[in-house]
Amino acid sequence: MRFRRVVLGIGTLVDEQTLRAAAELAQSMELALLGLFVEEADLFQLAALPFAAEVSVPSARTRRLDPATMALALRARSGEARRALARRLEGATVPWDFTTVRGSALSAMLEASTGSDLLVASTRFGSGVDRGRERERVLQGLRECHRSLLLVDQAPPRAPVAAVIAPDASIASVAPELGALALHYGGPLTIILAGSASPEADRLNDRGRAVLADLGIPTRLHRVAGMGAETLQRELAAEPPGLIVLCGSARSLDAAHAALEPLAGALLLLPAPA
Amino acid sequence: MAPRGSDPAARATARRVEACDLERTCPLEDLAFGTTAELEPLDHVVGQDRAVDAIAFGLGLAHPGYNLFAMGPEGIGRRTIVRQHLQAEAARREPPADWCYVFNFGAPGKPGRLRLPAGHALKLQADMGRLVDELRLGIPAAFETDEYRARRQELETEFSDRQEQAIAQVGARAREQKIALLHTPGGFGFAPMEDEGVMAPERFHALPEAEQKRIQEAIQVLQKDLEAVIESVPKWRREAQQKVRELDRQVTHSVVRSLIEELRSAYDAFPEVLAYLDQVREDVLDHAALFQPTKEGEGPTLIGALFTRGDSAESRLQRYQVNVLVHHEADGGAPIVYEDHPTHDNLVGRIEHESRMGALETDFTLVRAGALHRANGGFLILDAVKVLTEPLAWDALKRALRSREIRTEPLGHALGLISTVSLEPEPIPLDVKVVLVGPRLVYYLLHALDPELGELFKVVVDFEEDLPSSAAARLLFARLVASALRARTLRPLDRLAVARVIEDAARRADDAERLSVGMAPLVDLLVEADHFAAARGATVGSAEDVDRAIEARDRRADRAESRLRQEILRGTLLVATEGERVGQVNGLAVTQLGGHAFGMPVRITATVRLGAGRVLDIEREAQLGGPIHSKGVLILSGFLAGRYLPNDALSLAASLVFEQSYGTIEGDSASAAELFALLSALADVPVRQGFAVTGSVSQQGDVQAVGSVNEKVEGFFAVCRERGLTGKQGVLVPEANVKNLVLHRDVTQALRAGTFHLYAIETVDQGLAALTGLSAGERDALGRFPAGTVNGRIEARLADLAQRAARLFVAHAAPVRPQAPKGPRR
């Protein structure tokens, strides 16, 4: 698998950490970058209601909303996001563009991207407050649309990187991308392998590790017996928080979802190899 | 007219001053030594008993206000003498305290002072530097432990979870009522849900009215709930921050305690330092983040920033520095400070600023000491004129002495011109003895104009310019010379050379009976004589070396004198040195250029005619005459009227002028010459041009002493010598000035040879006789001057003028007679 473009999804909350991750990844992988500001349709629906109001932060006072006010506020946010991205990419050699679309956060990103794009978004992407439900919707969408997504937490990146790869064959296929991500997050890279070993699996793993070694990234591999939520949670808790890469079947993703819920850090979701 | 003789001295009643009367050579028998190397150096000051007593008195009194004002002319050695006495006193005293400024943790704009015994300030400064270095290593290490990180993460997560959960609970309650909680650009909004999305407005309007109302009411309740949650967030943040601070304090305390205790034990004798260290400990506990390496700012949480760390920690650590304002050696004495440039800031210290990001900033480390700080506990020597001419310096000095504390504030603040916020360092208690050095005039003026001078400078140290010359004084002076030579490692002088130096001192005193004690010119002469001795490879300086030094000194400065004399000799400036002329007398003027004074003859002429009794001073009319000169001329009118017409009005008009004089004339030393010119014109008696005159006159006709008589005599002598001495030339000087005569050797040699003469006069009549060769004349039994005498001629001329004036008056005052019939006009 080779990424051809980075698509950065930006919602109501403009998160500097996510902008930075997308910009650095695009540069390190030498990929074009598309900044995609999504004006969520739900917000316009809200503003069009006769009693529409907003509880302001930090004044904690309720004020009236209408579609024009909402459009104005979102346009201001869009401009703010564009300027922030431009600052991040100042002096960069990679081509980049910025556009604003209206729709639902996830579907807008899926529509604007293809299978060869690496999607980057904040864990707070979207207007919904319920993070669990948001994450669930994202995972569901990815399962259906075969996309790679890096979810960035607002906490600053911390090394080392923990990665979970399943099945084994994926290491070799995504090694260059892992390398770029590991460089961004400041490696070394720890790879937790799920399932039992086999000569073929070892061969593929060795090949992937060699690719990472060529990139100058020290890699540590260790294997866990199964992909159950409890096992994963235990293994991940032993690692310092950082990037977590998930790649695999719907079953493994579901397990990972349960395991990752209490953990902070970035999450790279890769589609299962064909 | 009385007969005129050929020898004016024989008939003159003026006293002829013989060369032997002017033998001013220092008697060698007074100097009983071979060279100055044999003399004991002088351990006390010569001729300044009054001043020395005053210094001792002032230094002995420790009460406020007993500061010293050392007054006297420049070059007399005031600073040296004062410093010598201060050094002796300072050596007996204990060194004063060291002073530091430290950060005031309670009021950062008011740096706190710290007093330590001498020699301890620098140590404390170094100790505090080490403490900060150790804290910079120890505190980050303590904060890098897994235990701390985990605990801090817990607290941060606790806060983050608390607000997220509180909002999520509102969201959950909303969801139960099929209402969505959404992030909006400015906060949060509630909307009814339909199929996992927000209900479209048209769908909402299609709902039954009761349902619409229910939803709206539910949302209003939820909004209130959310407002309450958001209002609570700042409080939760404060609580969380407090917990983090407590955690930081606990972690920091483990590092700080032992380090501070170690310092406390080293300074346990100094309560001020212990109190400061306690403040430091508490501040470090509260500001442990300052010791952390700078990190990038942490990301914002759901609502605003969480725990931001200062990004200027490096620069803020300087709050723990110690600014050593002034320090002393533990085994040294009291300080003696001479401030050569006593500006306001150089006296009371200054607050410097640094440019940071285009703005000028300051802090306690930029407070700098002034001369008062450095001299505190000791002595401060200042030049009075410099203090008075620097803006606000005098006021600042008085304020410090009066309040007995040094308050450092920017000059702009003192002037009230700048009102920006600056530092207010805690004032430093002041205990200093100030010695102002200045001219007498400055002291007297200041005393008259500033009442505080008397309160703050109670001790006047009045230095003498000279001392009476006697055998003992001359030997003492020789020892002074020996001391000066030794102090500057110059070659010793033989006794003849010392005699020359003493003669030069008498010459500088302008008095044959006194010796100048001015040290600066004395030392200059010794250094220059040593130069000539060195040039000829001698190990001992001789009289020739001293003479060459004096000649070279005069030669270097006499360009203007020489040029003026040349113009006289070339006939450009008209001065006659032989022959006779009516109404014309050689006066003598002295010019001071730089440090060189010289005398030069100047022609004074007078004319008389019928008038209203006024002597016209042309210099005054041309605004070239000073007030004293004008006074001298006015006295002449008084003399004329009083002596010759005591019962009648003067009816003359006279004009007096300094010919070819184009500059200002001041002083009354030419008033005798002016009177002689006037009397010559009145009497129509010529004056001998081979003579020059100096002296002032009284209304009674007494000739009075004047200044710079030596330069005047030598100036006329030089012109006569250049033209060739005739034996009929000389100078008339006031009898009272004879004691001042210390003339160059070539003049006394000419007197001895009879080629030049000097006459001492006490009265105008003596001068008239000497200048005219005629008897002045005394009133007879009838009260009239004899005819033919000078006075008789003058009296007759004045009487004649008076009669003419009376006739003229009668003619003008006569009644108008009937006029004759008009005839044809001619």
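In this text the structure is predicted, and so the values were computed from the model without any measurement.

A look at the overall build of chain A
- The helix and strand tally for chain A stands at nine helices and twelve strands.
- Across the 274 residues of chain A, 52% fall into the buried class.
- Summed over all atoms, the accessible surface of chain A reaches about 11400 Å², with 53% contributed by carbon and sulfur.

Some thoughts on the sheet that holds strand S22 (residues 584-593) of chain B
All names here are of chain B.
- Spatially, the eight strands line up as an open sheet ordered S1-S31-S30-S27-S22-S23-S25-S24, and their pairing is mixed. Two strands in the sheet have a free side with no partner beyond their single neighbour: strand S1 (15-16) and strand S24 (614-617).
- Note that strand S30 (residues 730-734) and strand S31 (residues 757-761) share five bridges and pair parallel. Note that in S31 the partner of Val 731 across the bridge is Leu 758.
- Sheet contacts for helix H24 (residues 671-683): S22, strand S23 (596-610), S24, strand S25 (652-658), strand S27 (691-693) and S31; angle to S23, the most-contacted strand, approximately 30°.
- The strands touched by helix H25 (residues 709-723) are S22, S23, S27, S30 and S31; relative to S23, the strand with the most contacts, the crossing angle is about 80°.

What about the interface of chain B and chain A?
- Taken residue by residue, the interface counts 37 residues in chain B and 33 residues in chain A.
- Across the chain B/chain A interface, buried area totals approximately 3000 Å², and carbon plus sulfur atoms make up 61% of it.
- Considering only the surface of chain B that becomes buried against chain A, His 183, Pro 185 and Glu 227 of chain B emerge as the three largest contributors, covering 21% of it.
- Between the two partners, chain B and chain A, sit one salt bridge.
- Residue Glu 231 of chain B is joined to Arg 61 of chain A by a salt bridge in which the shortest nitrogen-to-oxygen separation is 2.7 Å.
- Counting every contact that joins chain B to chain A gives eight residue pairs in polar contact (both at pLDDT 80 or more).

Section: the confidence of the model for chain A
- Within chain A, residue pLDDT values average 76, and 66% of them lie at 70 or more.
- This stretch, residues 157-162 of chain A, has a pLDDT under 50; its non-local contacts, to residues over four places away or in other chains, come to 29 contacts.

Brief notes about helix H13 (residues 393-403) of chain B
- For H13 of chain B, the full list of buried residues reads Ala 393, Trp 394, Ala 396, Leu 397, Lys 398, Ala 400 and Leu 401 of chain B.
- Once H13 of chain B finishes, Arg 404 of chain B follows within two positions and takes phi at roughly 60°, a positive value.

A few points about the pattern of salt bridges
- The final tally for this structure, using the stated rule, is 68 salt bridges over all chains.
- Residues joined in a network through salt bridges with shared partners are Arg 249, Glu 261, Arg 264, Asp 278, Arg 281, Glu 282 and Asp 286 of chain B.

Points about unusual backbone geometry
- Despite not being glycine, Glu 30 of chain A has its phi angle at roughly 55°, a positive value.
- With respect to the helices and strands, Glu 30 of chain A occurs in the loop between helix H1 (16-28) and strand S2 (32-40).
- For Ser 708 of chain B, which is not glycine, the phi torsion reads 55° and is therefore positive.
- Considering the arrangement of structural elements, one finds Ser 708 of chain B in the loop between strand S29 (703-704) and H25.

Considering the packing of helix H5 (residues 146-176) of chain B against helix H7 (residues 209-266) of chain B
Residue and element names in this part refer to chain B.
- At a closest axis distance of 10 Å, the pairing of H5 and H7 adopts a crossing angle of 175°. Between H5 and H7, the angle falls in the class roughly antiparallel.
- Of the residues in the contact of H5 with H7, the class split is 16 nonpolar, one polar and ten charged.

Digging into the packing of aromatic side chains
- Inspection of every chain in the model, using the stated rule, returns 17 aromatic pairs over all chains.
- When the ring of Tyr 267 of chain B is compared with that of Phe 270 of chain B, the centres are 6.1 Å apart and the planes differ by 55°; the resulting orientation is tilted. There is no split in this pair, since Tyr 267 of chain B and Phe 270 of chain B are both buried.
- One aromatic cluster in this structure is built from Phe 103, Phe 105, Tyr 276, Phe 291, Tyr 320 and Phe 364 of chain B.
- A cation over an aromatic ring shows up here: Arg 102 of chain A above the ring of Phe 44 of chain A, its NZ or CZ 3.6 Å from the ring centre.
- One Lys or Arg, Lys 458 of chain B, reaches over the ring of Tyr 66 of chain B and ends 5.7 Å from the middle of that ring.

Some words on the environment of Leu 490 of chain B
Residues and elements named next belong to chain B.
- Tracing the sequence through the fold places Leu 490 in the loop between helix H17 (471-487) and helix H18 (495-509).
- Here Leu 490 falls in the buried class, since its relative accessible area comes to 16%.
- Put simply, Leu 490 and His 531 are 41 residues apart on the chain and 9.1 Å apart in space, counted from C-alpha to C-alpha.
- Among residues more than four places away in sequence, those in contact with Leu 490 are Leu 485, Leu 526, Val 527 and Asp 530.

Quick notes on the nonpolar core
- By size, the foremost hydrophobic cluster in this structure holds 66 residues, and its most contacted members are Val 120 of chain A together with Phe 190 and Leu 226 of chain B.
- Among the elements that take part in this core, H7 of chain B stands out by supplying ten residues, more than any other.
- Ile 55, Ala 70, Val 437 and Phe 477 of chain B belong to the second largest nonpolar core, which has 58 residues in total.

Quick notes on the sheet that holds strand S4 (residues 112-116) of chain B
Residues and elements named next belong to chain B.
- Ordered by their spatial adjacency, three strands build an open sheet running S4-S3-S8, and the pairing between neighbours is antiparallel. Of all the strands in the sheet, the pair left with one neighbour each is S4 and strand S8 (322-326). Here the average twist between neighbouring strands, direction ignored, is 30°.
- In this structure, strand S3 (residues 98-102) lies alongside S4, joined through five bridges in antiparallel fashion.

Comments concerning helix H15 (residues 440-449) of chain B
Residues and elements named next belong to chain B.
- Every buried residue of H15 is listed here: Val 442, Tyr 443 and Leu 446. All buried residues of H15 lie within an arc of 100° about the axis, which places them on one face of the element. Of the exposed residues in H15, those oriented more than 90 degrees away from the buried face are Leu 441 and Ala 448.
- In this structure, the buried residues of H15 make contact with strand S2 (68-71), helix H12 (384-389), H13, helix H16 (451-456) and strand S18 (459-462).

Criteria and cut-off values
- What you see as residue numbers is a count from 1 along each chain, following the sequence as written.
- Chains and ligands are labelled by the order in which they are written, letters from A for the one and numbers from 1 for the other.
- Confidence filtering applies because this is a predicted model: local features only for residues at pLDDT of at least 70, side-chain atom pairs given and counted only at 80 or more, and all residues used for totals across whole chains, interfaces and linings.
- By convention in this description, side-chain values take in all heavy atoms of the structure and omit both hydrogens and water.
- Strands are runs of DSSP state E lasting at least two residues, helices are runs of H or I lasting at least four, and both sets are numbered from the N terminus onward.
- Each residue gets one of three labels from its accessible area relative to the maximum for its type: buried under 20%, exposed over 50%, partly exposed in between, using a 1.4 Å probe on protein chains only.
- Working definition of accessibility: Shrake-Rupley area with a 1.4 Å probe, residue cover restricted to the visible protein chains.
- At least two bridges found by DSSP between two strands are what make those strands a pair.
- What makes two residues a contact is simply this: any of their non-hydrogen atoms within 4.5 Å.
- For helices, the fitted axis covers only the stretch in contact; all axes are lines through C-alpha atoms, and the angles between them, taken along N-to-C directions, range from 0 to 180 degrees.
- Buried area is a sum: the accessible area each of two parts loses on coming together, probed at 1.4 Å, counted once for each and added.
- Any Lys or Arg side-chain nitrogen located within 4 Å of an Asp or Glu carboxyl oxygen qualifies as a salt bridge.
- Here a polar contact is recorded for every N or O atom pair within 3.5 Å, except that within protein the pair must consist of a potential hydrogen donor and a potential acceptor, and residues adjacent in sequence are included only if both atoms are side-chain atoms.
- Residue-level confidence of the predictor is what pLDDT reports, using numbers from 0 through 100.
- Any angle between 65 and 115 degrees counts as roughly perpendicular, while under 35 counts as roughly parallel, over 145 as roughly antiparallel, and the rest as oblique.
- Under the scheme applied, nonpolar residues are Ala, Val, Leu, Ile, Met, Phe, Trp, Tyr, Cys and Pro; charged residues are Asp, Glu, Lys and Arg; polar residues are all the others, including Gly.
- Aromatic pairing here means that ring centres of Phe, Tyr or Trp (its six-membered ring) are within 6.5 Å. Orientation follows from the plane angle: under 30 degrees is stacked, over 60 is edge-to-face, and everything else is tilted.
- Counting as a charge over the ring demands two things of the Lys NZ or Arg CZ atom: a distance within 6 Å of the ring centre and an angle within 35 degrees of the ring normal.
- Among the buried residues, those of types Ala, Val, Leu, Ile, Met, Phe, Trp, Tyr and Cys that are joined through side-chain atoms within 4.5 Å form a nonpolar core.
- To be clear, the arc concerns the directions from the helix axis to the C-beta atoms.

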